[in-house]
Amino acid sequence: MIFAPVNLISQSDSTAAGKDSLSYYDMSLEQLLKMKAHGVPSELEKLINTLISVASKKPLNTRESPSIVSLITEEEIKKSGARDLIDVLRLVPGFDFGVDVEGVVGVGIRGNWSHEGKVLVLLDGQETNEILYACTFFGNHYPIEHIKRIEVIRGPGSAIYGGFAEYGVINIITRQGEDINGVIASATYGQMEKTYGRRNLNLSIGQKIKDFQYSVSGLIGQGNRSDQIFRDFKDSSYNMVGNSSLNPRYINAAVAFKGLSARFIGDFYQTRIGMRYAVVNPHGPYFENFNSMFSELKYVIKVSDKVTITPKLNFKKQTPWQNQPSDSILEAGAYNVSAYRGTGNITGSFNFNRYINLVAGGEVYRDYATANLDTNAFSIDTTGGKYIRKKSVTYNNFAFFGQGLIKTRIVNIILGARYDKHNVYGDAFVPRVGLTKKYKRFHFKALYSQSFRAPVIENIHYQVGAIRPERTQVAELELGYQITRKSILTVNFYDITTVKPIIYFVDTVTHNDGYSNFGKSGTQGIEAEYRAKGKWGYFTLNYAYYTAANKEKVNRYTVAGNSSALLAFANHRLNMNASFNLTKDLSINPSLSFFGKRWGYAPSDTAKGKSDLKQFDPTALINVFIRYTTPLKGLSIGAGVYDILNQKITFIQPYNSDHPPLPGPSREIIFRLSYTLNYKTKN
Amino acid sequence: MLFLALVLRGLWSGNYKAQETDYKAYTLFVYNFMKYIEWPEAQNKGDFIIAVLGDSPISKELQVLASGKKIKGRAIVLKKCNTFEETSGCHLLYISASKSASVKTFKDQIKDKPILIVGEREGLAKKGAGLSFVTLEDDELKFDINKKEIEQHQLKISGSLINLGIVIN
């Protein structure tokens, strides 16, 4: 249906100048198709009314979606000049980063270390967590310049997504053929004080032709985590210039015809490090690979207006933490294990009417891991503590999940649950209930969820005692008020209790390592965000606070003498992200991340070879990026500075296991060039 | 200072009012209901009378409409009512949100008279109104159509209007 070209009246006339004009009523019947109940939305209203499905499968607007969510748009990512996902996610309330081992940086949520299997990272629907340790890897990795939007659940998501979504979900959606509609090429260069921070090239090609859509996007690049000196607890050191490489190679290809779609993602991420675990490698730096290949075949079958059934097959092959054989100078031997997961999923969505929706389905997956170097890589507990060693292992899991959504005039009610059964570690059942509603300017969310972390292949292999899924209970309350058409204030409270957390530890005396369930952990906190958005740009200010004071603690996370703080993560965080349109084509985009006091283990000042618990002073990262759309059609350029104050913020290990703080990047000057060639006709 | 100035400029300019219901858009729909629904021949004489039951901000907008627009050459007359007796002679009865509970009572009293009942609140078409407004998830303004109810009142709804709404029976 097309609008009558001669009739130029639109709904904007009802809220703008022509308020009393009777010609408004001359609109054609077709024009009524797009009328909004609350008038033409402001820029902010468009954002907060965006439908997202990450928290419910059934699309709901951000204010009624049954999770505490953050929506990050392509505009925000582009304008901020974000170098990678660390820059983007640091601005999300409650999100922060710490170091794991071997220089790998992972995410923490609301004070809780989430890197290993506690936060799910989806990339165009593909579960990117590797299945040996369930980790995800940050730092010049994910294709930041391909992203259309990111939907972040800052709370549990296991009732929908299973055992990697215990504390949060990061749902990355990249541009599809229709969004690209031509060719997009971009180049980024970042210069730190002593070496380059990154030099990346991106290319995307895609188009939608009637019901057919295709896209191919690629990224190739090189980067450095830092240009500082890394010093271990034994007082050995190495220069990270050229020895902290973060080199992405990535391709994402997709085709879709009507409801049928197929996708392949190749993610070949290589790092270079000078340490083994956390100790400077006496044989020098070496490369480590984190390679993943994902493929998906999906068919969305619209049985009727009310019923949709989606069968889906996924397959992934991953070889994370892989040291190349040519680098087998490693003191402790090379690691080279390939893991495969094949998943079948069928999900049905039934809209009984506009007010009642039911989503239900089942999922089965099979994991297989094989050691590429060692024929006896895995210890298998055969009968009550009798171990045999094998080259490969296989595990199975099946799950059922369901969710009911009932919308009433008073409140929306969401009830859901998921049941998983694994052939080794047993079962996990996680229910959730949510109440949400928007009343004109005000909205609220009251949520209670259980979630779990599924042990993965190496957790089982390195288990000390029989490992079980760790369980978490989260209660959340969000209150929001739209102050003006351009601004909204949101405040939320949470209480997290994790029972029997699975923790990796290295015995500081024997240096033996393993995984075990520990006692209890958790945090409570508050997050507040003010957002303003208009034609002039946008301004976001958020604050996050957590405390562990009222929670039981696990020794490895604690800060001696401070009951409220946990290792690595500041109790107080403040972020600001803004964009001001100086002209139609020129914007200036400042951002700020403030970190309160942090605590972590660092080399001792008094006893050589030992570590001390130290307090890290409050730090602020201040950044600015200027973006200009040139008169040359499709060409935009940008330049900016990240960490203007040159604070070189460190990544601290959130659990006490022998890793000194990892130096971060120094001040980095960023240049970005982007060119878009759109096809003339958009079908 | 520059940032502060820009922030202040951004935050303290423009409309302070949060997003409120656009009753002018509702009125536009009502106007199209009048245009695309046929009343029995006997009713097509004299003024077209809209009765509004209860208080609703739409009254003001309907008054603007009535002051300058006509339906097939007929003047639009607006009247406010609180009882069934006061609806006498009307073609369209608009039940405001505050009077939603009255829909069944009025429906029973109107019986099969050629009066189109339009409900402001979502769900009233299921309770006896011929049409009632609906706000979809993305804030799109739509309307439910109770075709059976409309036909029972000797009214005929055009196909193009049906295509625009959501038929519930």
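Just so it is clear, the model here is predicted, and its values are computed rather than measured.

(A) Region of interest: the overall build of chain B. Scanning chain B from terminus to terminus reveals six helices and 10 strands. For chain B, restricting intrachain contacts to residue pairs at least 6 apart in sequence, the fraction spanning at least 24 positions comes to 60%.

(B) Local environment of the overall build of chain A. Check the secondary structure of chain A and you find seven helices and 45 strands. For chain A, the C-alpha radius of gyration of 25 Å lies close to 26 Å, the compact-globule estimate for 683 residues. C-alpha extents for chain A along the principal axes are approximately 85 × 55 × 50 Å. Each of the 683 residues in chain A was classed as buried or not, and the buried ones make up 59%. Counting contacts in chain A only where the partners sit at least 6 residues apart, residues at least 24 apart contribute 63% of the total. Accessible surface, chain A: about 26200 Å² in total, of which carbon and sulfur atoms supply 60%. Between the centroid of the 80 positive side chains of chain A and the centroid of its 58 negative side chains there is a distance of 5 Å.

(C) The packing of aromatic side chains, seen in detail. Residues and elements named next belong to chain A. This model, assessed by the stated rule, comprises 29 aromatic pairs over all chains. Arranged with centres 4.4 Å apart and planes meeting at 45 degrees, the rings of Phe-137 and Phe-290 form a pair that is tilted. A residue pair is termed long-range when its members are at least 10 positions apart, and Phe-137 in the loop between β8 (126–127) and β9 (147–153) and Phe-290 in strand β20 (residues 286–299) qualify at 153 residues. By the burial criterion, Phe-137 is buried, and Phe-290 matches it. Here the aromatic cluster, defined as three or more aromatic residues joined through ring pairs, consists of Tyr-133, Phe-137, Tyr-269, Phe-290, Trp-321, Tyr-335 and Tyr-515. Cation over ring: Arg-276 sits above Tyr-277, and NZ or CZ is 5.0 Å from the ring centre. The residue whose ring lies beneath Arg-341 is Tyr-365, and the NZ or CZ to ring-centre distance is 3.7 Å.

(D) The arrangement of the interface of chain B and chain A in detail. Taken together, the 49 residues of chain B in the interface contact 47 residues of chain A. Summed over both sides, the interface between chain B and chain A buries roughly 4300 Å², with carbon and sulfur atoms accounting for 58% of that surface. Inspection of the chain B/chain A interface yields four salt bridges. Its salt-bridge partner being Lys-407 of chain A, residue Glu-137 of chain B comes within 2.3 Å of it at the nearest N-O pair. Where chain B touches chain A, the interface holds 10 residue pairs in polar contact (both at pLDDT 80 or more). Elements that contribute at least two residues to the side of chain B that touches chain A include exactly α1 (2–11), α2 (23–36), α3 (58–68), β7 (131–135), β8 (141–145) and α6 (159–164) of chain B. Ranked by the residues each element gives to the side of chain B that touches chain A, the list is headed by α2 of chain B, at 10 residues. Its residues assigned to classes, the side of chain B that touches chain A shows 20 nonpolar, 12 polar and 17 charged.

(E) View of the nonpolar core. Core analysis: the largest hydrophobic core is formed by 112 residues, its most contacted members being Leu-85, Phe-138 and Ile-150 of chain A. Take this core: its biggest share by element is five residues, from strand β7 (residues 119–123) of chain A. With 42 residues, the next largest nonpolar core counts Tyr-26, Leu-62, Leu-131 and Phe-143 of chain B among its residues.

(F) Summary view of the sheet that holds β8 of chain B. All names here are of chain B. What the eight strands build is an open sheet, ordered β3-β4-β2-β5-β6-β7-β8-β10; its pairing is mixed. Of all the strands in the sheet, just β3 (70–71) and β10 (166–167) have a single pairing partner and so form its edges. As paired elements, β3 and strand β4 (residues 74–81) share two bridges and run antiparallel to each other. Bridging from a neighbouring strand, Lys-70 pairs with Ala-75 of β4.

(G) Fine view of unusual backbone geometry. All names here are of chain A. One non-glycine residue, Lys-258, lies in positive phi territory at about 50 degrees. Positive phi values are uncommon outside glycine, yet Lys-648 reaches one of about 50 degrees. Its location among the elements puts Lys-648 in the loop between β44 (635–642) and β45 (668–678). For Lys-648, a relative accessible area of 27% gives the class partly exposed.

(H) How the structure looks around the confidence of the model for chain B. Overall, the prediction assigns chain B a mean pLDDT of 89, with 89% of residues at 70 or greater. Across the interfaces of the predicted complex, the ipTM metric reaches 0.85, alongside a pTM of 0.91.

(I) Spotlight on the side chain of Thr-136 of chain A. All names here are of chain A. Its place among the elements puts Thr-136 in the loop between β8 and β9. What makes Thr-136 buried here is its relative accessible area of 1%. Aside from chain neighbours lying at most four places away, what touches Thr-136 is Val-105, Gly-106, His-115, Val-121, Thr-128, Asn-129 and Tyr-142.

(J) A look at the domain arrangement of chain A. Residue and element names in this part refer to chain A. Split into domains, chain A comes out as domain 1 (1–40) and domain 2 (41–678). One C-alpha centre belongs to domain 1, the other to domain 2; they are set 43 Å apart. The partner domain 2 presents four residues to the four residues of domain 1 that form the contact. Roughly 240 Å² is buried in total at the junction of domain 1 and domain 2, and carbon and sulfur atoms are behind 50% of that figure. Our count for the contact surface shared by domain 1 and domain 2 stands at zero salt bridges. Counting across the domain 1 and domain 2 interface gives one residue pair in polar contact (both at pLDDT 80 or more). The residue makeup of the side of domain 1 that touches domain 2, split by class, is one nonpolar, two polar and one charged.

(K) Representation of the confidence of the model for chain A within the structure. Looking at chain A, the pLDDT average stands at 91 and 92% of residues meet or exceed 70. pLDDT under 50 marks residues 1–7 of chain A. Its contacts with residues more than four places away, or in other chains, come to 10 contacts.

(L) Structural detail: helix α4 (residues 103–110) of chain B. Residue and element names in this part refer to chain B. All of the buried residues along α4 are Val-103, Phe-106, Lys-107 and Ile-110. In an axial view of α4, the angular spread of the buried residues amounts to 100 degrees, which keeps them on one side of the axis. Close packing links the buried residues of α4 with β2 (48–53), β5 (92–95), β6 (116–119) and α5 (147–152). Just past α4, the residue Lys-111 takes up positive phi, approximately 55 degrees.

(M) Region of the structure containing α3 of chain B. Residue and element names in this part refer to chain B. Among the residues of α3, Ile-58, Glu-61, Leu-62, Leu-65 and Ala-66 are the ones counted as buried. In a view along the axis of α3, the buried residues occupy a sector of 140 degrees, so they form one face of it. Within α3, the exposed residues directed more than 90 degrees away from the buried face are Lys-60 and Ser-67. Residues of α3 that are buried sit in contact with α2, β2, β4 and β5.

(N) Molecular detail of the pairing of strand β12 (residues 196–209) of chain A. Residues and elements named next belong to chain A. Summarising the sheet, strand β11 (residues 182–191) and β12 pair through 10 bridges and their orientation is antiparallel. By the bridge assignment, Tyr-189 is partnered in β12 with Arg-199. Counting the residues that bridge the hairpin from β11 to β12 gives four residues. Pairing analysis gives 12 bridges linking β12 to strand β13 (residues 212–223), with the strands arranged antiparallel. Residue Leu-201 lies in a different strand from β13, and its bridge partner there is Ile-220. As consecutive antiparallel partners, β12 and β13 are separated by two residues, and within that stretch Lys-210 has a phi angle of approximately 55 degrees, a positive value.

(O) Quick look at the sheet that holds strand β3 (residues 69–73) of chain A. Residues and elements named next belong to chain A. In spatial order, the strands read β3-β9-β10-β7-β8; together these five strands make up an open sheet with mixed pairing. Whereas interior strands pair on both sides, the edge strands pair on one side only; in this sheet they are β3 and β8. Judged from the five bridges that link them, β3 and β9 form a sheet pairing that is antiparallel. Paired with Thr-73 across the two strands is Arg-149, which belongs to β9.

Rules and cut-offs
- Residues numbered from 1 in each chain as written.
- Chains lettered and ligands numbered in written order.
- Predicted model: local features only at pLDDT ≥ 70, side-chain atom pairs only at ≥ 80, totals over all residues.
- Heavy atoms only, no water.
- Helix = DSSP H or I, 4+ residues; strand = E, 2+ residues; numbered from the N terminus.
- Contact = heavy atoms within 4.5 Å.
- Rg over C-alpha atoms; globule rule 2.2 N^0.38 Å.
- Buried < 20%, exposed > 50% of the residue type's maximum accessible area, 1.4 Å probe, protein only.
- Areas by Shrake-Rupley, 256 points an atom, 1.4 Å probe, with all protein chains shown as cover.
- Lys, Arg positive; Asp, Glu negative; His and termini not counted.
- Charge placed at Lys NZ, Arg CZ, Asp CG, Glu CD.
- Phe/Tyr/Trp six-rings, centres within 6.5 Å; stacked < 30°, edge-to-face > 60°.
- Lys NZ or Arg CZ within 6 Å of the ring centre and 35° of its normal.
- Buried area = accessible area lost by both parts, 1.4 Å probe.
- Salt bridge = Lys/Arg side-chain N within 4 Å of Asp/Glu carboxyl O.
- Polar contact = N/O pair within 3.5 Å; in protein donor to acceptor, adjacent residues only side chain to side chain.
- Nonpolar A, V, L, I, M, F, W, Y, C, P; charged D, E, K, R; others polar.
- Core = buried A, V, L, I, M, F, W, Y, C linked by side-chain atoms within 4.5 Å.
- Pairing = 2+ DSSP bridges.
- pLDDT = per-residue confidence, 0-100.
- Domains from an automatic or database assignment.
- Arc of directions from axis to C-beta.

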